[in-house]
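Close look at the chain arrangement
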Amino acid sequence: MVGPYRGLFSAPGVKGFVIAGFVGRMPMSMLGLGIILLVKALTDSFAMAGAVAATVNVSYAVAAPLTGRLVDRFGQARVIVPLTMAHGTALTGLMLCAQFGAPAWSLFATGVVAGASVVSLGSLVRARWSHLLAGSARLHAAFSFESVADEVVFVAGPALVTALATMINPYAGLIVALTCTIAGTLAFAMQRGTEPPVNRGERHSGSPITIPGVALLSCVFLAMGAVFGSVDLITVAFAEEHGAKAAAGLLLAAFAGGSLVSGLWYGARQWKLSLRGRFVRALGVFAVGLTPIALIGDVRVMAPALFLAGLAISPTIITGYTLIERLVPARLLTEGMSWVSTAVGFGVALGAWAGGRLTDAFGASDAYGFSFACAILAVIIGIGGSAWLRTPVPQQ
């Protein structure tokens, strides 16, 4: 599986933006869970914890396309540096409000700013790969590598933030996440040699979301995001219900671990099946893989079940981003990829909110049924609109 990834990092500056992008993306698996653990520790309510986390995700989802458009227009570095400073200030404010027992509305207010100023670094990294490898078959391997990097983050991040929040201090996980955000994003912004050029002479009219295929993918990823958001919160509750709260991070790491393994395998293969066909099939496997988790009542059995459930995540995401790259004009590529982030963000917010409500009302095991229903919805949408995913470029 290593062969196709060789040579990706030989170009000048590539290693720099890849490493910085990885560090800066670590908080994407830590922020929501860290907020859930902090607010739960203070209020003893998963519903409240899910609501605050959902507020952060909704704010991020609303702002991400605008951030992408600004990046396409003014360049990556000029936009992400001030946003990162704003995010750091807002997240610090949220933790201080929690520390000093400020009214509940203050958590939501600071959460709005913290979410709106999150930088979708994964989209920016993929935009750099698209700029460097445009038209090359190696772009498939590059996108696969980035999906694997995402899953490494989702393997390490939940375990790390859970350990920090439960064994050291409820605030420790968010402090580490904030440190990674600032260090990684600022280092990424300094890598100017690989930054995609800004076409200042072109009018940035229109929006990628008006492209039918992009709209369809956004709807699919909205449903998938609801799976991710609900599984994150419900799994924390599941572990706590079974007297193994510290195992929550490991359970979520198993979910991401399945995606990591499948991402390496998927990127190492040369596919003859069309992107459209791959996307629909991966969605089907995703739904089937989620079926057992609603039937399990043992933490030890849940870990391998979540690993199997995660196997279809990377192939679906890799193919989705490749479809965006084929469907969206180059001048709007960052914004187009940001719509995927927006859809996932809205879905995660919905999933966290619904997961919290259902967990408080029915218990964690029954609440997993919501995650499965969202996966089925993603399959229905993907199959129903798959005709919009035909791309004019021959498949690699």
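Scope of this entry: the structure provided in the associated data block. (Residues numbered from 1 in each chain as written. Predicted model: local features only at pLDDT ≥ 70, side-chain atom pairs only at ≥ 80, totals over all residues. Heavy atoms only, no water.)

**Side note on the packing of helix α3 (residues 46-74) against helix α5 (residues 104-116)**
Just so we agree on the cut-off: The convention used is that axes are lines fitted to C-alpha atoms, helices contributing only their stretch in contact, and that angles between N-to-C directions extend from 0 to 180 degrees. For helices the rule is a DSSP run of H or I covering at least 4 residues; for strands it is a run of E covering at least 2, with both sets numbered from the N terminus onward. Any angle that falls under 35 degrees is termed roughly parallel, while one over 145 is termed roughly antiparallel, one within 65 to 115 roughly perpendicular, and all others oblique. A crossing counts as left-handed when the near helix is turned anticlockwise from the far one by less than a right angle, and as right-handed when that turn is clockwise. By definition, residues are in contact when any of their heavy atoms lie within 4.5 Å. Residues were grouped as follows: Ala, Val, Leu, Ile, Met, Phe, Trp, Tyr, Cys and Pro as nonpolar; Asp, Glu, Lys and Arg as charged; and all remaining residues, including Gly, as polar.
At a minimum axis distance of 7 Å, the contact between α3 and α5 shows a crossing angle of 30°. As summarised for this structure, α3 and α5 are arranged roughly parallel, according to the angle between their axes. Where α3 crosses over α5, the two elements pack in a sense that is right-handed. Contacts from Met48, Ala51, Val52, Thr55, Val56, Ser59, Tyr60 and Ala63 of α3 reach α5 at Ala104, Leu107, Phe108, Gly111, Val112, Gly115 and Ala116. Taken together, the residues that form the contact of α3 with α5 break down as 11 nonpolar, 4 polar and no charged.

**So, helix α11 (residues 275-290)**
How we decide: A helix is expected to span 1.5 Å multiplied by its residue count minus one.
The end-to-end C-alpha distance of α11, which contains 16 residues, comes to 23 Å, matching closely the 22 Å that a straight helix rising 1.5 Å per residue would cover. Residues of α11 that are buried in the fold lie against α7 (138-167), α9 (212-241), α10 (248-268), α12 (299-309), α13 (313-327) and α15 (364-384).

**A word on helix α8 (residues 172-190)**
Taking 1.5 Å of rise per residue, 19 residues should cover 27 Å, and α8 covers 28 Å from first to last C-alpha, within 8% of that figure. Of the surrounding secondary structure, the elements contacted by the buried residues of α8 are α1 (14-25), α2 (31-43), α4 (76-99), α6 (121-132) and α7.

**Topic: the nonpolar core**
The condition that has to hold: What makes a nonpolar core is a set of buried Ala, Val, Leu, Ile, Met, Phe, Trp, Tyr and Cys residues whose side-chain atoms join them at distances within 4.5 Å. Here's how the labels work: a residue is buried when its accessible area is under 20% of the maximum for its type, exposed when over 50%, partly exposed in between, all with a 1.4 Å probe on protein chains only.
Judged by nonpolar contacts, the single largest core of 110 residues is most densely connected at Trp129 and Phe286. Per-element accounting of this core gives the leading share, 17 residues, to α9. Not counting residues within four places of it along the chain, the set of residues in contact with Phe286 comprises Met224, Val227, Phe228, Ala309, Ala312, Ile313 and Ala375.

**Section: the environment of Lys40**
Note on placement: Lys40 falls in helix α2. Taking the relative accessible area as the measure of exposure, Lys40 reaches 9% and is therefore buried. Counting along the chain gives 330 residues from Lys40 to Phe370, while the straight-line C-alpha distance between them is 21 Å. With near-sequence residues (within four places) excluded, Lys40 lies in contact with Ser45, Phe46, Ala49 and Glu240.

**Side note on the pattern of salt bridges**
Quick note on the threshold: Whenever a carboxyl oxygen of Asp or Glu lies within 4 Å of a side-chain nitrogen of Lys or Arg, that contact is scored as a salt bridge.
Per the stated rule, a full pass over the model turns up 6 salt bridges. Across the salt bridge formed by Lys40 and Glu240, the nearest N and O atoms sit 3.5 Å from each other. A residue pair is termed long-range when its members are at least 10 positions apart, and Lys40 in helix α2 and Glu240 in helix α9 qualify at 200 residues. Here Arg126 ties to Asp150 by a salt bridge, and the two come within 2.8 Å at their closest N and O atoms. On the criterion of sequence distance, the pair formed by Arg126 in helix α6 and Asp150 in helix α7 is long-range, its members being 24 residues apart. Residue Arg126 is classed as buried on the basis of its relative accessible area of 1%. Owing to a relative accessible area of 10%, Asp150 belongs among the buried residues under this scheme.

Nothing here speaks to function; it is all geometry.
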